[in-house]
Amino acid sequence: MKRIDVRAGKPYQVKIGRGLLRSCGAEMQGINLYGKIMIVTDDNVAPLYLQTVSESLKNCGFSVYSHTLPHGENSKNFDELVKLLNFTAHCGLTRSDTLVALGGGVVGDLCGFAAAIYMRGVHFVQLPTTLLAAVDSSVGGKTAVDLTAGKNLAGAFYQPDLVLCDPEPFATLPGEEYANGMAEVIKYGFIRDKELLELLQQSFEEEEVVARCVQSKADIVANDEFDRGERMLLNFGHTVGHAIEAKSGYAIPHGQAVAIGMVKITQACVKNGLCPQETLDIMLKLTERYGLPTESPYPMSELFDYMVNDKKSSGDAITFVLPRETGNCELKKLTRTEWTALLS
Ligand code: NAD
Ligand code: GLY
């Protein structure tokens, strides 16, 4: 088992190892949680893992309740959040009790937001079951729901008390969902971990890869918990990616869109002499190896207005994550004239 300390305002551990879902009760006891637990999950994950987690918790003396959302991004909204809050109140959870997210990033983001606001904050544990949630969304405390106007527009920074990443559930992930997670894994390699990219070109141990990504995220969050500087590096490929997601009406999943976004910004940097061709070659090799797309279904010019509407823009200036070489990206705020020239 690997352990990574996240030195955020509220410090906590991320544990990574096979079998952690089965031992989650003892792990939660180990950080002095007790009382009532509300497990929040979705209707794909519940039949696969809810019983294992419930039994582990009950065997350790917790009183266990569960709430199941319909799967998918469409559930990450205020209606589902309010249903969860009302059910949590109905079950009598108090400030000393705990919300547990068992699922992917949708469940984690919504459950985390509920934990942040229920009785002004209760304990919160993340049990990620997708690769994407294990390497990214379960760590770092960004919680949110979507608004009609856009993704993640209402939320809070609220760190969990514990994250348990068990790679066993990745075995039941549909191939496309695994690939979505790989896009975020590849992202960590390009922003700060050249060795990870070498590992990804061979066969690898999931536990090791997840741990490398979580270590990167923990380091970044420790330096910039509230996303004012270094944390923006995690948005590599996301400016173009979010525009592709939005233009497709969210039919193109996040990981695929990010993969296209990483390729597009890297191609632009190579063309403008900001980054060597070798970086692009490695990226194309990895995206192909992990079944990720590299071509945008839309011309760049049709994505520009979506990019300005992204919540990361200020006016029409956007802070871009520009690859400079493999394993090294820099943040650069560009005016609309500058970024349209770069991407055209
Ligand atoms: P998801 O939660 O929708 O899960 C993807 C699909 O896989 C769902 O249908 C789910 O039911 C299913 N699933 C989950 N675990 C499974 C398993 N083990 N076996 C079989 N099926 C399983 O999506 P995701 O890709 O995990 O997360 C995407 C969400 O995360 C987006 O809402 C995104 O905005 C958010 N996100 C948040 C952060 C953050 O820092 N908070 C970072 C990245 C992404
Ligand atoms: N996934 C981006 C972040 O946590 O900042």
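Just so we're clear, the structure is a prediction, and the values are computed from it rather than from any experiment.

Conventions and cut-offs
- Residues numbered from 1 in each chain as written.
- Chains lettered and ligands numbered in written order.
- Predicted model: local features only at pLDDT ≥ 70, side-chain atom pairs only at ≥ 80, totals over all residues.
- Heavy atoms only, no water.
- Pairing = 2+ DSSP bridges.
- Helix = DSSP H or I, 4+ residues; strand = E, 2+ residues; numbered from the N terminus.
- Axes fitted to C-alpha atoms, helices over the stretch in contact; angles between N-to-C directions.
- Near = heavy atom within 4 Å.
- Polar contact = N/O pair within 3.5 Å; in protein donor to acceptor, adjacent residues only side chain to side chain.
- Areas by Shrake-Rupley, 256 points an atom, 1.4 Å probe, with all protein chains shown as cover.
- Nonpolar A, V, L, I, M, F, W, Y, C, P; charged D, E, K, R; others polar.
- Core = buried A, V, L, I, M, F, W, Y, C linked by side-chain atoms within 4.5 Å.
- Buried < 20%, exposed > 50% of the residue type's maximum accessible area, 1.4 Å probe, protein only.
- Contact = heavy atoms within 4.5 Å.
- Arc of directions from axis to C-beta.
- Phe/Tyr/Trp six-rings, centres within 6.5 Å; stacked < 30°, edge-to-face > 60°.
- 1 Å grid on protein atoms, 1.4 Å probe; cavity = no way out; pocket = protein on both sides within 12 Å on 5 of 7 lines; lining within 4 Å.
- Points joined across faces, edges and corners; volume = space filled by probe spheres on them.
- Salt bridge = Lys/Arg side-chain N within 4 Å of Asp/Glu carboxyl O.

Visitor: Hey, could you run me through the sheet that holds strand E5 (residues 98–103) in this one?
Guide: Where strands meet in a sheet, backbone hydrogen bonds hold them as pairs that are either parallel or antiparallel. On the basis of which strands lie adjacent, the open sheet formed by seven strands has the order E1-E2-E9-E6-E5-E3-E4 and mixed pairing. Of all strands in the sheet, those bounded by a partner on one side alone are strand E1 (2–6) and strand E4 (63–69). Geometrically, the sheet is characterised by an average inter-axis angle of 20° between neighbouring strands, direction not taken into account. In this structure, E1 lies alongside strand E2 (residues 12–16), joined through five bridges in antiparallel fashion.

Visitor: What's the story with the site of ligand 2 in this structure? I'm lost.
Guide: For ligand 2, the full set of nearby residues is Asp136, Lys142, Lys217, Arg231 and Leu234. Here a nitrogen atom of ligand 2 and a side-chain polar atom of Asp136 are 3.0 Å apart. In this structure, Lys217 approaches ligand 2 through a side-chain N or O atom, which is 2.6 Å from an oxygen atom. Protein contact buries 84% of the 200 Å² of open area that ligand 2 shows by itself. Partitioning the shell around ligand 2 into residue classes produces one nonpolar, no polar and four charged.

Visitor: Would you mind going over the site of ligand 1 with me for this structure?
Guide: Taken together, 26 residues surround ligand 1, and among them Asp42, Glu73, Thr129, Thr130 and Thr172 come closest. Between Gly105 and ligand 1, the recorded distance is 2.8 Å, taken from a backbone N or O atom to an oxygen atom. A distance of 2.7 Å separates a nitrogen atom of ligand 1 from a polar atom in the side chain of Thr129. For ligand 1, the accessible surface in isolation is 870 Å², of which the surrounding protein chains cover 90%. Those elements that provide at least two residues to the shell around ligand 1 are helix H2 (46–59), helix H4 (105–117), helix H5 (131–137) and strand E8 (150–157). Grouping the amino acids of the shell around ligand 1 by side-chain chemistry returns eight nonpolar, nine polar and nine charged.

Visitor: What is the right way to look at the nonpolar core in this model?
Guide: As a rule of thumb, soluble globular proteins bury nonpolar side chains together. With 73 residues, the main nonpolar core has Val14, Leu200 and Met307 as its most contacted residues. Tallying contributions element by element places helix H10 (residues 254–271) first for this core, with 10 residues. In this structure, Met38, Val40, Leu99 and Ala114 belong to the second largest nonpolar core, which totals 23 residues.

Visitor: Sorry if this is basic, but what is going on with the environment of Glu168 here?
Guide: Relative to the assigned elements, Glu168 resides in the loop between strand E9 (162–165) and helix H6 (175–192). Measuring from C-alpha to C-alpha, the distance between Glu168 and Leu303 comes to 38 Å, with 135 residues separating the pair along the chain. Once residues within four sequence positions are removed from consideration, Glu168 is found in contact with Arg18, Gly19, Arg22 and Tyr49.

Visitor: Can you help me understand helix H13 (residues 336–343) in this one?
Guide: Residues spaced three or four apart along an α-helix point in a common direction, a consequence of the helix completing one turn every 3.6 residues. Taken residue by residue, H13 has Trp339, Thr340, Leu342 and Leu343 as its buried positions. Within H13, the buried residues cover an arc of 160° as seen down the axis, which keeps them to one side. The exposed set on the far side of H13, more than 90 degrees from its buried face, consists of Thr337 and Ala341. In this structure, the buried residues of H13 make contact with helix H9 (238–247), H10, helix H12 (304–309), strand E11 (317–325) and strand E12 (328–334).

Visitor: Before we go on, may I ask you to explain the packing of aromatic side chains in this structure?
Guide: Each aromatic ring pair is characterised by the separation of its centres together with the angle its planes make. Scanning the entire structure with this criterion turns up five aromatic pairs. Seen in terms of ring centroids, Phe204 and Tyr290 are 6.3 Å apart; in terms of plane orientation they differ by 55°. Their pairing is tilted. Taken as a pair, Phe204 in the loop between helix H7 (194–200) and helix H8 (206–223) and Tyr290 in the loop between helix H11 (277–289) and H12 lie far apart in primary sequence, 86 residues in all. A relative accessible area of 15% places Tyr290 in the buried class. Taking 5.4 Å as the distance between ring centres and 80° as the angle between the ring planes, the aromatic pair formed by Phe304 and Trp339 counts as edge-to-face. Taken as a pair, Phe304 in helix H12 and Trp339 in helix H13 lie far apart in primary sequence, 35 residues in all. Trp339 shares its class with Phe304; the two are buried.

Visitor: What is the right way to read empty space enclosed by the protein from this model?
Guide: In this approach, a probe sized like a water molecule rolls over the atoms, and the result shows the empty space that is left. Inspection of the entire model under this criterion finds one cavity of 30 Å³ or more. In this structure, the largest cavity encloses a volume near 50 Å³. Looking at the largest cavity, the residues that line it are Asn235, Gly237, His238, Thr239, Val240, Ile265, Phe320 and Val321. Secondary structure elements with two or more residues in the lining of the largest cavity: H9 and E11. Sorting elements by how many residues they give to the lining of the largest cavity places H9 first, with three residues. Partitioning the lining of the largest cavity into residue classes produces four nonpolar, four polar and no charged.

Visitor: Can you help me understand the pattern of salt bridges in this one?
Guide: Think of it this way: side chains of opposite charge can pair up when their charged atoms draw near. Considering all chains together, one arrives at 22 salt bridges under this definition. Between Lys76 and Glu73 there is a salt bridge whose closest N-O contact spans 3.8 Å. Residue Glu73 is classed as partly exposed on the basis of its relative accessible area, which comes to 27%. Between Asp193 and Arg212 there is a salt bridge, with the nearest N and O atoms lying 2.8 Å from each other. With Asp193 in the loop between H6 and H7 and Arg212 in helix H8, this pair connects stretches of sequence that are 19 residues apart. Its relative accessible area of 23% is what places Arg212 among the partly exposed residues.

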